[in-house]
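Observations on chain architecture
What follows is the residue order along each chain.
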Amino acid sequence: MRDATTGGPADPAVLDLPFAVDEAASGPLTWAQSVMWDAMQWFGKEANQFNIGQPLVLAEPVGQARLLAALRGLVEAHQTLRTRYVARSGQPRQEVHASGSYDVVVADGHDDPARVAEELAGRLAETAFDHEAEWPLRVGCVVDGDGRVAAVALVGSHLAFDGWAFHTFVDLLLAGLTGEPDQPEQTSPPPAGAEPPAGEGVPQALEQAAFEGSPAGQQQSRLGLRHWEQGLSAAPASMFDLPRAATGDQPIERHLLDSTAVAAAAATLAARTRTSFSTVLLCLTTLVLTAYNGHDTAVLKLITGNRLDRRSRDLIALNTLDALLAFTVPRDVDLLTAIRQTHRPAFDAYRRAQCDPRAVRTVVEEVGRRRGVSFDLSTYFNNGHRGNDWAVTGPEPGPDRLAELRAGSRYTRLDPLPRSDMKFMVAASNAGEGVCRLGLLVDTTYLPGALGETIVRGIETLLCDAVADEVGVAEIPGRIGLTPAVRGADWARTPAGWVRPADVAELVREAAGGVEVAVLAAGPAPGTGLTAYVADASAVPEELHRRVLDLLPGRTGVAAPDGYVACVAAPPAGAGPDAWRGVPVAARGPGRPA
């Protein structure tokens, strides 16, 4: 709106939306909420990047009272919309309020409600949510010259919504705005609490938290934890045991590719292989990443919703957890065979995603210490589309049609970020009108230069090529112009992945108090592990190993040695590394449990 005296922007008008139900309630966070809570605490003010926003242009304008009534019905029906997330005695909890009010910001449409709604949604999303003082939804509306609502701007906190829940909420709001004839215009909504609460029978987040604490929920968690333990028992410590590149203060790059070709080709390959759209994109993600980093086994976190029944599908709350995928990447096969071989491991990972994340952290730490590593699980895949968004409904697209679709693809590089808890993430979402939005986040410390654009465009290329022709997995780098990472002769392959023995020696030296240390291959065959020789006759191998393990977190390209040798003294200067094997020994000990 404009200030009549100055002609400049006026303070935005605000509508008051009160609500009231019979009872308040409180309880622990759900497993999904606790994962996001921890992430948001880590990001602090930068957690605004998690905000979920959408401008919504209405097919026909409605009265302001209609909007307020539809919103109030949803707020009263769904606990999430009247929940504050708070820390009590050091533990996060969700507190569901019985009454309160929302502010609904009003903006003048200026004959362009779509543009104004997009700008309003952007402003509402600029800051992170203060979950103790603020409801987890921000609402604005755009009015026309008659004061009727032509568009709505919605921004939700990711602590309260995942993509599924947010879009379900949008669908319910639209139904509330269009389902009944418009009522005579009023200046305020009907009195709060004038009608019975609309939430009877609606699934709620507190019910989900109660199930997770029940015997049935704990049994489900135990099955998931077993899957994590089995997967980590042979997984590499990191997908980023790579030479590091120098970066500036904004090392996290983000890339988007809006492509109807990706949607059409991936759906076609899913139908051919009798798998799923998600499996196709996940397979391509692992193949491209491991083609670059030289791994035979991929380990990723799959962001998983698992809305498999009616209650979970109707739950307006965050419901995503991290599933673990750890499997041997197929090499000497064609791409369609690789997709088929990916399907079962991916299905098992998704099936076992529902488990207590705090117990998951314990399993990750315990398995890591047992194997002498600190796991770096910072590779993510997120299939964010709903159901059969891009199911094949007509003839398969041929090469000419795919080339035509690719001509319309739009690549965007977003502003970089100073930090992220992810080093690599591929995400797919439905951008409407048959467009798949393929997103990629990369930490340029480990995947430098123009590699991000190469990967996101390369996935599109491989999908389209595989529709028209047989594509061998070994051909992937050449087809997309990907140059694999180069590790020098100072790197060695071990059961934990790639390590740099000089960095392992520096780690052991730090744990041993600065004495001379050499780290040598434990045997002649590649991948047999490393032995640390320490010039300290008083060193106790078991204690030294524990100190090494304590120093591992946050480092890539290192692992604890498989064994330790406490030497009476270092070999003479200039004798060479192998001379350590011949010096007098005070003690030997393993770097792994017997």
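Residues numbered from 1 in each chain as written. Predicted model: local features only at pLDDT ≥ 70, side-chain atom pairs only at ≥ 80, totals over all residues. Heavy atoms only, no water.

1. Observations concerning the packing of helix α15 (residues 501–511) against helix α16 (residues 541–551)
Just so we agree on the cut-off: For helices, the axis comes from a line fit to the C-alpha atoms of the stretch in contact; other axes are also lines fit to C-alpha atoms, and the angle between any two N-to-C directions lies between 0 and 180 degrees. What counts as a helix is a DSSP run of H or I of at least four residues, what counts as a strand is a run of E of at least two, and both are numbered from the N terminus. Each crossing gets its hand from how the near helix is turned against the far one by less than a right angle, where anticlockwise is left-handed and clockwise is right-handed. Contact criterion: two residues are considered in contact whenever any of their non-hydrogen atoms come within 4.5 Å of each other.
Interhelical geometry of α15 versus α16 gives an angle of 115° and a closest axis separation of 9 Å. When the axes of α15 and α16 are compared, the crossing they make is right-handed. From α15, L507, V508, E510 and A511 reach across to α16, where they touch L544, R547, V548 and L551.

2. Notes on the sheet that holds strand β2 (residues 25–28)
We count it as follows: Two strands pair under a simple rule: DSSP has to find at least two bridges between them.
Across the sheet, which stays open at both edges, the three strands sit in the order β2-β5-β4 with antiparallel pairing between neighbours. Looking along the sheet, the strands with just one partner apiece sit at the ends: β2 and β4 (83–88). Taking each pair of neighbouring strands and ignoring which way they run, the sheet shows an average axis angle of 30°. Summarising the sheet, β4 and strand β5 (residues 91–96) pair through six bridges and their orientation is antiparallel. Residue pairing across strands places V86 opposite R93, the latter belonging to β5. Helix α1 (residues 31–43) rests against β4 and β5 of the sheet, and its axis sits at about 65° to β4. Seen against the sheet, helix α5 (residues 205–213) touches β2 and β5 and runs at an angle of roughly 40° to β2.

3. Things to note about the sheet that holds strand β20 (residues 563–567)
The four strands are arranged β18-β19-β20-β21 in an open sheet whose pairing can be described as mixed. Across the chains shown, the open sheet's two edge strands, defined by having one partner strand only, are β18 (517–521) and β21 (585–590). Across the sheet, the mean angle separating the axes of adjacent strands is 20° when strand polarity is ignored. With five bridges connecting them, β20 and β21 associate as antiparallel partners. Directly across from V565, in β21, lies its bridge partner R588. Contacting β18, β19 (530–534) and β20, α15 runs over the sheet at an angle of about 140° to β18.

4. Quick word on the nonpolar core
Stated precisely, the cut-off is as follows: By nonpolar core we mean a set of buried residues, namely Ala, Val, Leu, Ile, Met, Phe, Trp, Tyr and Cys, connected to one another through side-chain atoms within 4.5 Å. Partly exposed describes any residue whose relative accessible area lies between the buried limit of under 20% and the exposed limit of over 50%, with all areas from a 1.4 Å probe on protein chains only and scaled to the type maximum.
In terms of nonpolar packing, the biggest core is built from 101 residues, with W228, L281, L302, F424, L447, L463 and V508 touching the most fellow members. Looking at this core element by element, the count peaks at 11 residues for helix α8 (residues 277–293). Not counting chain neighbours up to four residues away, the residues in contact with L281 comprise V262, F381, A428, L438, I459 and L463. Of all hydrophobic cores here, the second largest spans 48 residues; its members include A70, Y85, F166 and V170.

5. Examining empty space enclosed by the protein
Going by this rule: In this analysis a 1.4 Å probe is tested at points of a 1 Å grid over the protein atoms alone, and where it fits but cannot get out there is a cavity; an open set with protein on both sides within 12 Å along at least five of seven lines is a pocket; lining residues have an atom within 4 Å of a point. Grid points are joined across faces, edges and corners, and a volume is the space filled by probe spheres set on the points. All residues other than Ala, Val, Leu, Ile, Met, Phe, Trp, Tyr, Cys, Pro, Asp, Glu, Lys and Arg, Gly among them, are scored as polar; the first ten of these are nonpolar and the last four charged.
Per the counting criterion, the structure on display carries two cavities of 30 Å³ or more. Roughly 70 Å³ of internal volume is contained in the largest cavity. If you trace the largest cavity, you find 14 residues lining it, with A237, S238, T556, G557 and V558 closest to the centre. Its residues assigned to classes, the lining of the largest cavity comprises six nonpolar, five polar and three charged. Looking at the second largest cavity, its volume works out to about 40 Å³. Taken together, T30, W31, A32, Q208, E212, L318, N319, L321 and Q354 make up the full set of residues lining the second largest cavity. The set of elements that each furnish at least two residues to the lining of the second largest cavity consists of α1 and α5. Its residues assigned to classes, the lining of the second largest cavity shows four nonpolar, four polar and one charged.

6. Points about the side chain of T168
Which entries qualify depends on this criterion: Under this definition, polar contacts are N or O atom pairs within 3.5 Å; protein pairs additionally need one hydrogen-donor-capable and one acceptor-capable atom, and for neighbouring residues in sequence, both atoms have to be side-chain atoms.
With respect to the helices and strands, the residue T168 is situated in helix α4 (residues 163–178). Of the residues examined, T168 reaches a relative accessible area of 10% and is grouped as buried. A polar contact of 2.9 Å, which involves the side chain of T168, links it to the backbone oxygen of W164.

7. Details of the packing of helix α6 (residues 215–232) against helix α11 (residues 357–371)
What counts, and what does not: The cut-offs work like this: below 35 degrees is roughly parallel, past 145 is roughly antiparallel, 65 to 115 is roughly perpendicular, and the gaps in between are oblique.
It is at 10 Å that the axes of α6 and α11 come closest, and there the two elements cross at 25°. As the angle between them shows, α6 and α11 are arranged roughly parallel. Crossing of α6 over α11 shows right-handed handedness. Where α6 abuts α11, its residues L225, W228, E229 and L232 lie against A359, V360, V363, V364, V367, R370 and R371. For the contact of α6 with α11, the residue count by class is eight nonpolar, no polar and three charged.

8. A few points about the packing of aromatic side chains
The cut-off we apply is this: Pairs were defined over the aromatic rings of Phe, Tyr and Trp, the Trp ring being its six-membered one, requiring ring centres within 6.5 Å. Orientation was assigned from the angle between planes: stacked under 30 degrees, edge-to-face over 60, tilted for the rest.
Within this structure, the stated rule accounts for eight aromatic pairs. Arranged with centres 5.4 Å apart and planes meeting at 70°, the rings of F19 and W135 form a pair that is edge-to-face. A residue pair is termed long-range when its members are at least 10 positions apart, and F19 in strand β1 (residues 13–20) and W135 in the loop between α3 (113–124) and β7 (137–143) qualify at 116 residues. Classification of W135 as buried rests on a relative accessible area of 8%.

9. Some points on unusual backbone geometry
At S89, a position not held by glycine, the phi torsion is positive, near 55°. Here S89 shows up in the loop between β4 and β5. Judged by its relative accessible area of 81%, S89 is exposed. A positive phi is found at H110, a non-glycine position, where the angle reads about 50°.

10. Concerning the confidence of the model for the protein chain
Heads up, the condition is: The pLDDT score gives, residue by residue, the confidence of the prediction method on a 0 to 100 scale.
Looking at the protein chain, pLDDT values average 91 and 92% of them are 70 or higher. Confidence over residues 1–10 falls short of pLDDT 50; this stretch has 15 contacts with residues more than four positions distant or in other chains. Within the model, pLDDT remains below 50 along residues 181–199, and this stretch shows 31 contacts once partners closer than five positions in the same chain are excluded.

11. Describing the state of the cysteines
Cut-off, in case you're wondering: Our working definition of a disulfide is a cysteine sulfur pair at a distance within 2.5 Å.
Considering all chains together, one arrives at zero disulfides under this definition. Left without a disulfide partner, C436 is nearest to the cysteine sulfur of C464, which lies 11 Å away.

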